[in-house]
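What follows is each chain in one-letter form.
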Amino acid sequence: MKFFIDTANLDQIREAQDLGVLDGVTTNPSLMAKEGITGKANIINHYKAICDIVDGDVSAEVIATDYENIIKEGMELAALHKKIVVKVPMIKDGVKAIKHFSSNGIRTNCTLVFSTGQALLAAKAGATYVSPFIGRLDDISTDGIGLIEDIRLVYDNYNFETQILAASIRHSTHILECARVGADVMTGPLSAILALLKHPLTDSGLAQFLADHAKAAGK
């Protein structure tokens, strides 16, 4: 399973990259605003900075919701760097735009997906990634992991090449559950990735090893 980090914070992206497990980055207007990145020129420069840090794909989201402007914005974003994947909302004009992009060799990430039907349409249109938001589904007492399972079944039935990018990851358990049901990618905060490192037996075992070493060394 690929690990993406869902942020626009350059320090967190660098930390994940340095850890050696990062495969890509997802961003959106809300994450940009959280980092104080405003204005078209600053946003473009920020995307370029992210691409300079990571080795893998960087999802950059369009703001437009009509076909013509989705195409215009998407083409501009795709031209920024070869790592850019154009992030398009799951709406009627978004699906049409994904078909246009895929027919012209531009990679896409269909975002704000909350049903298997939406994921099926995205795959039919040729999306590179589809992003089901499992955390937001869990928030309304709906089974987010179950959605990943359903999409996996449908995609495998028809050999769709669209990758399932589990989004709205909230914690490390989400990551493990997505891995168990076959998500191709997960995207979440740095804290969820780092939490996978933690286990009390690792901590206590290391402490014991160090104590034994110190005793053997006469310290």
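To be clear, the structure that these remarks concern was listed above.
Quick caveat: nothing in here was measured; it's all calculated off a predicted structure.

**Looking at the sheet that holds strand β8 (residues 185-188)**
Now for step 1: Pairing within the closed barrel is parallel, and its eight strands lie in the order β1-β2-β3-β4-β5-β6-β7-β8. Across this sheet, the average inter-strand angle for adjacent strands is 30 degrees, counted without regard to direction.
Now for step 2: Sheet topology places strand β6 (residues 129-132) next to strand β7 (residues 163-166); two bridges connect them, and they run parallel. In the sheet register, Tyr129 faces β7, and the bridge partner there is Gln163.
Now for step 3: Contacts from helix α4 (residues 67-78) reach β3 (57-61) and β4 (84-89) within the one sheet, and its direction differs from that of β4 by about 160 degrees.

**Quick word on the packing of helix α8 (residues 144-158) against helix α9 (residues 172-181)**
Now for step 1: With their axes 9 Å apart at the nearest point, α8 and α9 run at an angle of 25 degrees to one another. It follows that α8 is roughly parallel to α9 by the angle criterion. When you trace α8 past α9, the crossing you get is right-handed. Contact residues: Ile145, Ile148, Glu149 and Arg152 in α8; His174, Glu177, Cys178 and Val181 in α9.

**Considering unusual backbone geometry**
Now for step 1: Its identity is not glycine, yet Leu112 carries a phi of approximately 60 degrees, on the positive side.
Now for step 2: Within the fold, Leu112 resides in strand β5 (residues 108-113).
Now for step 3: Leu112 sits in the partly exposed class, given a relative accessible area of 34%.
Now for step 4: Of note in this structure, Ser141 is not a glycine but carries a positive phi near 60 degrees.
Now for step 5: Its place among the elements puts Ser141 in the loop between α7 (134-139) and α8.
Now for step 6: Overall, the relative accessible area of 74% leaves Ser141 in the exposed class.

**Quick word on the nonpolar core**
Now for step 1: In terms of nonpolar packing, the biggest core is built from 59 residues, with Ile13, Val25, Phe101, Tyr155 and Ile169 touching the most fellow members.
Now for step 2: The biggest single contributor to this core is α8, with six residues.
Now for step 3: With near-sequence residues (within four places) excluded, Val25 lies in contact with Phe4, Ile5, Thr7, Ile13, Ile50, Val54, Asp57, Val58 and Ser59.
Now for step 4: The next biggest cluster of nonpolar side chains, apart from the first, holds seven residues, and it includes Val85, Tyr129, Leu165 and Ala167.

**A few points about the packing of helix α5 (residues 92-103) against helix α6 (residues 116-125)**
Think of two packed helices as two axes; the pair is described by the angle between the axes and how far apart they sit.
Now for step 1: The interhelical angle for the contact between α5 and α6, taken along N-to-C directions, is 30 degrees, at an axis separation of 8 Å. Considered as vectors, α5 and α6 are oriented roughly parallel to each other. When α5 is examined against α6, the residues Val95, Ile98, Lys99 and Ser102 are found in contact with a partner set consisting of Leu121, Ala122 and Ala125.
Now for step 2: Among the residues making up the contact of α5 with α6, the classes are represented as five nonpolar, one polar and one charged.

**Some details on the layout of surface pockets**
Now for step 1: In this structure, the largest pocket encloses a volume near 520 Å³.
Now for step 2: Asp6, Asn28, Leu31, Phe133 and Arg136 are the residues nearest the centre of the largest pocket, which is lined by 28 residues in total.
Now for step 3: Elements with a minimum of two residues in the lining of the largest pocket: α2 (29-34), β5 and β8.
Now for step 4: Broken down by element, the residue count for the lining of the largest pocket peaks at four residues, all from α2.
Now for step 5: Class assignment of the residues belonging to the lining of the largest pocket gives a composition of nine nonpolar, 12 polar and seven charged.

Calculation notes
Residues numbered from 1 in each chain as written. Predicted model: local features only at pLDDT ≥ 70, side-chain atom pairs only at ≥ 80, totals over all residues. Heavy atoms only, no water. Pairing = 2+ DSSP bridges. Helix = DSSP H or I, 4+ residues; strand = E, 2+ residues; numbered from the N terminus. Axes fitted to C-alpha atoms, helices over the stretch in contact; angles between N-to-C directions. Contact = heavy atoms within 4.5 Å. Parallel < 35°, antiparallel > 145°, perpendicular 65-115°, else oblique. Left-handed = near helix turned anticlockwise from the far one by under 90°. Buried < 20%, exposed > 50% of the residue type's maximum accessible area, 1.4 Å probe, protein only. Core = buried A, V, L, I, M, F, W, Y, C linked by side-chain atoms within 4.5 Å. Nonpolar A, V, L, I, M, F, W, Y, C, P; charged D, E, K, R; others polar. 1 Å grid on protein atoms, 1.4 Å probe; cavity = no way out; pocket = protein on both sides within 12 Å on 5 of 7 lines; lining within 4 Å. Points joined across faces, edges and corners; volume = space filled by probe spheres on them.

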